[in-house]
Each structure stands twice: as C-alpha cells, then as structure tokens.
Amino acid sequence: MADFSSLEHEFYLFDRGEPRLKRIREAITEADQKQILEWQFRFRYDYLEESIFCGDRYFAMIIFPEMLSLYEKHESLYQDARISHDMLICFKWIVEAAPEFPQISRAEIDSYFRLFKKMLLEQGKSLSIYYMKHCLFYLNVDKAIAAADFYRFLEEPLDDISDGRALYYDQQAMYYLTIGEEEKALEAAKLIFAGKLKSNALPQATYHDFIRYYLEREQYAHAVHYAFLTERRVACDPYYLDIIGTLLTLYSITKIPDGLRLFSIHYALYQTSKNPLLKMLFAIGSYHLFRAMNEEKHHVILEQLRVARDSEIFRNPPEKIAEYFYQAADGWVQKFDSRNGTDVFSRMLHLLDDKFH
Amino acid sequence: MFTPQQIIHQINNMEHGAARLETIAQAVKDADDAAQHYWRLYFRYQYIKESTIHGDNFKGMICFPEYLRIFDEHPELQDDMYHDMMWAFKWLIGNLDDYYQIPLAEVNHYFEEFKKRSQQYGFSLRTYYMKLTTFWLEIHPEEAFRAYENFKRYPRNRNSDCEACELNYEMKIALAQNNPEQALKIAEPILQHEKHCAEIPHVTYASLARYYFLQKNFSEAAYYANLCNALIQGKQEFLREAGWLLEIYSCIDNNQGWRLFKYSLENFMNCHNPMMKMLFSRGAWRLLETISCEMQFVHSPLLGVLPVKPSGDGWHVRELADFFYQTAKEISQKLDDRNQRNYFLPLLEQELPKFDEKQVFTESMKSVHGLVKKSQTAIAVFLKQKVSAEELEQRIQNLETLSYSRDENACYISVSSEEIPLDFVISEAKSAPPLEEAPIQGMEQEELLALLESPCCYALMTELSGTPLKSYHAVMKFLSSLFPELSGIVNMTALKAYPSGWVNFAGTYEDGISPHDLYSLFLGGSQKKNEVWGITIGLAACGFRELEFVGADTENFQAFADILDRTAAMCISRNHLPDENLCITVCRSEKTQEQYHIFWQNPETVFCELPPDSAAVSEKEDVLFGVLNLHHLPNLETIELPVLHSERNRIARLAEKTYPLLQKAMEHPFTQALIRLMIPCDEDAEYDFDLLWAKIQPDSQKAVWLESSELASAYQEGDETEIQPENIFDWRFQPAESEELFTPQEAWLLQEELS
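None of these values were measured; they are calculated from a predicted model.

A. Looking closely at the pairing of strand S10 (residues 520-526) of chain B. All names here are of chain B. Pairing of S10 with strand S11 (residues 531-537), which is carried by seven bridges, proceeds in the antiparallel orientation. Paired with Leu 523 across the two strands is Gly 534, which belongs to S11. Counting the residues between successive antiparallel strands, the hairpin from S10 to S11 contains four residues, one of them, Asn 530, with a positive phi of roughly 55°.

B. Here's a closer look at the interface of chain B and chain A. Contact with chain B, which involves 20 residues of that partner, is made by 15 residues of chain A. Looking at the side of chain B that touches chain A, the elements that each hand over two or more residues are helix H1 (4-12), helix H5 (75-94) and strand S18 (670-680) of chain B. With five residues, the top contributor of residues to the side of chain B that touches chain A is H1(B). Partitioning the side of chain B that touches chain A into residue classes produces seven nonpolar, seven polar and six charged.

C. How the structure looks around the sheet that holds strand S19 (residues 689-696) of chain B. Residue and element names in this part refer to chain B. Read from one edge to the other, the open sheet built from five strands follows the order S21-S20-S19-S18-S22, with strand pairing classed as antiparallel. Edge positions in the open sheet fall to strand S21 (720-722) and strand S22 (728-735), since each of these has one partner strand only. Strand after strand, the sheet turns through a mean of 35° between neighbouring axes, direction not considered. Of the pairings in the sheet, the one linking strand S20 (residues 702-705) to S21 comprises three bridges and is antiparallel in character. Residue pairing for S21: Lys 702 is matched across the bridge by Glu 722.

D. Here's a closer look at the domain arrangement of chain B. Residue and element names in this part refer to chain B. Parsing chain B into structural domains produces domain 1 (220-230 + 238-360), domain 2 (377-517), domain 3 (519-643) and domain 4 (647-754). Inter-centroid distance (C-alpha atoms) of domain 2 to domain 3 is 30 Å. Taken together, the contact pairs 13 residues of domain 2 with 11 residues of domain 3. Considered class by class, the residues forming the side of domain 2 that touches domain 3 number seven nonpolar, five polar and one charged.

E. Summary view of the sheet that holds strand S6 (residues 420-428) of chain B. Residue and element names in this part refer to chain B. Taken in spatial order, the seven strands make up an open sheet running S4-S5-S6-S7-S3-S8-S9, and their pairing is antiparallel. The outermost strands of the open sheet, each flanked by one partner alone, are strand S4 (401-406) and strand S9 (496-499). On average, each strand axis in the sheet is inclined to that of its neighbour by 20°, with strand direction left out of account. Looking at chain direction, S4 and strand S5 (residues 411-417) are connected through five bridges and run antiparallel. Pairing of Ser 405 across the sheet is with Tyr 412, part of S5. Relative to S6, helix H21 (residues 468-482) is tilted by about 45°, and along the sheet it contacts strand S3 (377-383), S5, S6, strand S7 (456-462) and strand S8 (486-491).

F. Fine view of the packing of helix H9 (residues 143-155) of chain A against H1(B). Their axes nearest at 7 Å, the elements H9(A) and H1(B) cross at an angle of 25°. Considered as vectors, H9(A) and H1(B) are oriented roughly parallel to each other. Like other packed secondary-structure pairs, H9(A) and H1(B) cross with a definite hand, here left-handed. Residues A:Lys143, A:Ala144, A:Ala147, A:Ala148 and A:Tyr151 of H9(A) touch H1(B), and the partners they reach there are B:Pro4, B:Gln5, B:Ile8, B:His9 and B:Asn12. Taken together, the residues that form the contact of H9(A) with H1(B) break down as six nonpolar, three polar and one charged.

G. Fine view of the environment of A:Leu191. All names here are of chain A. Its place among the elements puts Leu 191 in helix H11 (residues 182-193). Look at Leu 191 and you get partly exposed, because 18 C-beta atoms sit within 10 Å. Considered as a pair, Leu 191 and Pro 203 are 12 residues apart in the sequence and their alpha carbons are 9.8 Å apart.

Rules used in this analysis
Residues numbered from 1 in each chain as written. Chains lettered and ligands numbered in written order. Predicted model: local features only at pLDDT ≥ 70, side-chain atom pairs only at ≥ 80, totals over all residues. Pairing = 2+ DSSP bridges. Helix = DSSP H or I, 4+ residues; strand = E, 2+ residues; numbered from the N terminus. Contact = placed C-beta atoms within 7 Å. Nonpolar A, V, L, I, M, F, W, Y, C, P; charged D, E, K, R; others polar. Axes fitted to C-alpha atoms, helices over the stretch in contact; angles between N-to-C directions. Domains from an automatic or database assignment. Parallel < 35°, antiparallel > 145°, perpendicular 65-115°, else oblique. Left-handed = near helix turned anticlockwise from the far one by under 90°. Buried ≥ 20, exposed ≤ 12 C-beta atoms within 10 Å, placed from the backbone.

Written out as structure tokens, the structure reads:
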C-alpha cells in the first residue's frame, strides 16, 4: 500500500500531459495486476483528472467506463464516502467532456447525465452542478431544456461538488449572452472582470463568451477589447484551442496579420489534439482566416507561417488552404450537428459568409 | 406554436405571485395542447412550486393529483422527473392539515403513498415522518411525538427539507414539549443567522413569539413578533404567521397590529387556504375586538377589498370583528370535524393572557435583546412658501399612494416606495418648533436659524421599516417629490438638520444616506469627578437600544466616542444589534494586534457603577439603553477602530453612481479631479484587486496613475488609463479658485454649485 502511495507522489515529477499520463497508465497496470481495488480506482482517477486538465479529454473518455464499472461492481468502493465523492467529481468532468466527442451518441450522453443525477441524489448532493452541465450541453441541442436547466441551476445551492462561485457566475454570463441579455451578462461577470473571482479557466473563458457574442453581432471593437485581454492567457495551451479558433475568426475581420501570427503558433497543437470539438473550432477559425486572406489578396503566407512551413498544404494559395480547413471543419460540423440535432456549428462555420463574395 | 424556451424566460423574468402563477397556468395549457409530456410535467411542477412557495398553496394542491397521474402514465420520463415529483408530493403532504376538504382517510392514503414512493426511489423515511409529525403536532401531540422519534432514526436525503427547516421543526417539537431552553438551543444557528432559507427565520420567530405569548412572557413575545413582522409583511405565504402576530398585537400593540392587518387584507381576500384564512381571521377578530374598545369606526381604503361595506363614518369596527369571527368560527368547525378532534373551536373561544404595558417595559429593560420596538421618526419639514390644503391633497393624490385619508388635524398617507411600505402622518405646524437652543447637528447655527424662519412648517411622523438606510432614503424621496418648495428639514428624533439640496440628493441616491445621518452623539460629564459619558440619540428609531459609554475622563473620551460612533454606525449598516454580551464588533491593539470584543450590557446588570447622571440611569423611561463595555480595552491611543466595510462599499457605489455629476463638473474649470479605480491584481498576488488613485486629464476620458501598484505590475505611476465607471471606487474634485475638495458624499453640494 505504502508503495502505491509513494508511486502516486511520483506522478508529480513528470511533465503534465502525455509523460505523466504514461506513468499513471503503468501504475494502473501494476495495481490491476496486484488486484488492489482502492488503487485500481485511485490511479484511474488520477489518469482521468490528468487527461481532463492536460488538454486532451480523449483519454478521460476511454478510462471512465472502466472506472465506473469498477465502482459499480464493488461495494467496498461505493460504500466508501471519499471514493463516492471522487466518483461524482469524475462524473462531473465526464458529462462536460462527453459532448465534445461526436462519436458519443446523444442517448449515451443522456444516460450519463441520468446516472450522474441519480448518484448526486443518492449522496444527498445539490443538483446545481447537474443542471449547470446539462444546460451547457443542451444549449447546442434544445434551448428550451437549457433554459429550464438554467433557472433550476440558479435555485440550487452550491456544494462541494459544484464548480465554485467563479464558474457559477461565468455560467450565468454565458447563458445570458446566448439569449441576448447583455446587461445581465455583464452584471453576472462583474466580479470576474474585477478580478475578485478567479479559477483556472477564468477570466479567459468569460472573455471568450463575450468575444463570441460581439462577433456574432458584428460589434468588433468590443470583441477586440476582450480579445486583447484573452490572448495572453490562452496562448500555447491546448486546452484553449477553441478560444484560439474564435480569435482567428475575429482577427480575420479586424487584423489578418495578428491572425496569422496566432495561427502559426497554434497549428502544431491543432495537429496533435485528439479532441474533436477543439479541433473543429480551431479549424473553423482557420477557415475564416484563410478565406479572408484570399479576399484581401494576401499572398506571402509561407514567410509568415514559419512553424508550418514543412506542411505541404501551405504551399498552396490561401483559397486552397481555406478549402482544406473548410473540409476539415465541415466533417466535424456535420457529425456534431447531426448528433445534436441542430445546426449550431454549421451556422458558426458560415458566420462570415455574407462578408465573403 | 408552443415555444417553451420563451415561456421559461418570460416566467423567470416575472415577480413571484398571482401573475406569474397565471402565466405558468397558461404554459401548462399550451403544453397540454401540444401534447409535449416532458413540458406538461415540467410546467405543472413549476405551477405547484409557485403556488406552494410563493402563495397559499391552494392551486398547487388542486394540480397535484393530475401531475401525479401524468407522471405515472409516462414511465419514459420518470428517470428525469422523479426527483421533482417527490418534492411536489412532499409539499402536498406538508399542507394536508390546511384543507378540511380532504377527508382523513384521503390524508392517510396520501401519506402511505408518499411512504411507498420514498422507498421506491431510494429516499429515506425521514421526510415522511417529519411531515407526519407536523400534521399531528397540534391536534394529536402524542401521535406527533411518536413520529418524531422515527424521524430521528433516518438520515437526511435529497428529498429532505433544508437544514434550517429541519431545525425549525425540531425547535417546534421542543416548544410543544414545553422546553423553551431546549428549543432555543436547537434554534441557535437560525437565531444567529447561520442557517436560513425562504421561510426561516420568519416562521421560527413566529413560533417563538406565539409560545412566549401563551406563556405570558410579553416582552419576549413582542421581541420575536417584531422580528417576524419585519419579514412577512405583504407576503401571502406568511398569512398564518400574520394571524398569530395579530393575536399577539391585539394584546400588546394595537398600532402595529392595525398596520399588519390592513396591509395583509388583499392577501387574505385572495387566499384559498382554509387554515391560513382561519388563523388570520382569528387574529383579526381579536385585534378588532381590542380596537372596538377605543373607537367605533376605522378608515382606510385598504379595507375596501373586504365584503363588509363602510357607512358614512367609515367601517364599523364591530361589523368587521363579526365578519372575521364568523369566518374563523366556520373554518375552525370544519377543520375540527375533519380531524375528528375538538381543537380549533375551543382555541377561538379561549381567553388571551392579560397584558400590562408597564410590566412589559420593565421586563424589556431587563431583557437581553439589542433589538427593541422602533420608536417613531419625527421630522420638521420647512418650506419656502405655504402650500394650500387643496394643493397638498392634489399632490398626494398624484403620488402613487396605497391609501390616503385626512381629518381636521392631519393627513394619513401610506406609500410603497421601492417595495418599502411607509405610513406618514403629516400635519401643518402652527409655528416652527423651538429649536434655536437645541443641540441640532448637521447645519451651522446661522443656517439653522434661517431655516427656522421659513414661512411654512409641517410635522411628519413615520416609522422606518425594513433596513434603516433604505427606508430613510424612501422617506427623503417622498419628501422631495411631495414638497418641491422645500427649504430644509430637521430630524427631531436624531437631532439632525439638512438643507433641501441634501434631501433631494438623498432621495435620488440610495447610497447617499450614511448611517451617521440617522443618529447623533452627545456627551455628558461631571467636572468634579472628571467623568465623561456619551450617548447615541436616534438608534431607537431604527429599532435598537440606544448605546452609551461610561467611565471615560476628559483625557480619553474622544477614543470612547469614536468607538461608540463606529459601533452605532455598524449596527445601522447591518440593521442589527446583537443580544447582551454578544460581540458587536472588534477593536484591535495596534501594537500586539490582539482583538478586543465590543459588546453591550444591560444598565441593570452592568459591569461597573454607572454615574448617577448617565442616560441609562436617569433618562427617559420609554427608552431602552445598552451600556458599551469598553473598560477592558488597553491603551486607547493605540487601538485600531472597528473597520466599517459596508461604509467603504457604500461610498464606492455612490462614487460610481455620482460619476456623471463629476463629469458635468469637469466641463467647468477645475484645479484637480482625482479618481480612485479598482484594478485586477497579478495572478500570483495575495489579493484579487488593488485600489489606485489617478488624476483625470482635462478634456479627456483618460487619467494618469498617481501611484504604482505593488500587486499589479501593469499599473505604473505616470501611465495613462481609461476610466471605466464600474471600476470607480472614490473620487475628489476641486473647482478652480476654490479651497473646497468635494467627495461623493458631498456630491449634492457640487450639484448645487453647478446649478
């Protein structure tokens, strides 16, 4: 037992991301071989946590069913208060991550949500986090259910499973923006913008919501203001490829050279990411950027794309590159929209169509 | 076309109450027409919830059987909806006792069904036994106590009431077992404001008030009744508590009772819950019986909702009393029949404890409570010119009054300003009050004398309700809209005088009122013994004991006075003075950083001998005092005073709101304009935000930092910054060729200067 404990401490000596994940994977194998249930569960928890926060949730999606099955099969696990609490935390991450993978069907996601809710109720927890995550998913699926969820989320108390006050307000701001209530959104985001509430993902995620809002309404000056505050906080982090994608879309209208600079830095992350949602959003932004370049008759791409110089596609004119990213994005857009039964991402892809001839 | 998303937003943007319930009812209909079962259940649940939590629960009770039927018909939705269904079911069984229309057999059936479904969905039986206890508690206590024993065996679950509600329930059991010590111990987290919810502490206060009243402890009964009264006014869901309070007030305070009675009438008439109607009617009948000993007729347009019609002289009190008695009797009989117990009818006929006002005041003097009955606020209103009675009446009618009447002496006006109900009695004074020699603060003597010479003066009496600052703002708003020719006011209760400019400002900006506007400090002393003491005047009008310090001398009295001042301001900001011996605030030693608690003690039990001339010993009989314990403080010169965070925040809000005034002032020549802005700190900084002063550049929307931040590296002295009004924390403004430096608090002077 003591060995496993020190092994767990060792994880922190490895770099975040793939190196650490690899080490945890080895520990899982070891715990499985020795059949020490608590550590079989615990290492899987570590693995899932790392993959959620290291920027690629793909690994989390793979490990979660194993973890759930272990938990459900063994009474000693679900009778243990700490493990049950950890299981809820994992569930919270998974219900947020699952919608990012179009190969996971809506029925499957719904069943995850149902199970999550049941488990929260069994453990006497608040449903705040359930309604929050459910609302997030349904915003792209059925806005009426998202609306119902949102107001239930506001009524439920926060507890130790909830995401904390910062995200509580971020979620409100985001929701109000989706229904066009800018003033309410600004009010909800007030403490975040004033720096009084922070989290790992905030304030940049809140800024991102406002950028999208202003972008859709063609209020580019406002969007640029938030983009300036956001860029340094999200740069070079694979976790924020979606935000980079939005910034690319914005810069395709306001400042193409800035867009190219950002694209150059992040293209490598895009290539290695396994997260379809993040990849799709980055590809959408890239498509907008190259399409705008084509419109603006920009030709000096290779010199500017230092990082991506070795890639064959960039030897083509912007029109071809735009086409390349369109194809990539559209593939995912079709899958996501068809899974969700809506055209949210398709509209995002075609957001700037009226600006291009 | 059925558009649930729009309906949800519409509903959630509405205030709670009848209109919202109506909108949800329409949504239920639309969902039924569209045959969308998810939304049929969703909106029915919302309907039951709205009716139960923000109404008399009648419509929710009617809706529930249909809701349950639809739920049972759609097993495919049950995984998503069973949690809601069990909550709605819980509300149903929690209110079964209110409805005589539901026979006992049906009550038992519902309880059994709830028990079965609790087990089916994996909820413990804690809630089942809790509601069973509540049902039997009054009419069959033994049965209730048995259920309570079972309740304790089961753990909490997600179908349980909140922790505050459960504590309240356990407290009620202890009261029913006549164990007030145990009850107070259980309720301590509620009474200390650690646990609360939508109906706690309201119903806790009501239960304690009722218990003490029946035990003939009038002082405690009045204390809890007043706390409850401040929370429940105008809310239909608390009609039963209003009924209990009316019974209490019928014995101890007719005026409070009358006020509560008339503001509750509309809710009473719209109520369909028999228990609530019966309890309110019982209280109203008892109150009117007492009033009928003093007067034959009463006036108030608010009575117009009743089926009893007025005669030329107003409403006959006897007729009103009979109406409520008959209503109470009829429902009591039906409830007793349903319960197969003879309980409510005998209660109606029961004689209430006799009350002796002097005895209550003596009890209150010894009581441990910092909160006391509010005294009236008297304001002398000075006008630049006379206003005819007709003109005044016309103006009053143009205001949105809840009720208005007048007799030969005065006008009686009820208004609801920013959701604060206020009653005013306004009468024209034959002459200005003799204030020339009075210790009035806030105005120079010359200005005050000029004010007293105004050609017209009115006397206004009111009682501050809700939070004192907000309420006083509402009073100022009322005065400035009623009297455009105002020249100034003197608050006779707090002994403060203000010119019209301030009244208009305080009526416009809620944060324009400072706690110091509501009280004054006065010093007394004895040269012989080198003793100084100080008192507050005005806290009683906010519902607190007046505070006093004793034991200072001519060397150190300033420090004592500062602490008293901060403590009083803190009480007003928080709208609370804790009970005797409980910490109000803390001082800190500058040297050791050791903390010293400030608390008050009853003059009767005070820690030291009081000087014979001190207020607590010698002053008016109708004012309750608390003596601050400051003797344990070390060297007063090195003591840090309590920090008033709420004041800092108030000034920040005021600075933001009055920024347009500053912008306007900057259109004229000025010596300097400074602005203090809130900036976000670096991510690794100890604090989240820092405050920096900047100098506004003339003819620009920009400012230059006057200092560098140690917590946010991006903000350096000399750099330019844009001004975002929402980040403004404070400002200063000095006009050209002027010595004066205006602050947000003095923005009204700036406003006057500009105009």
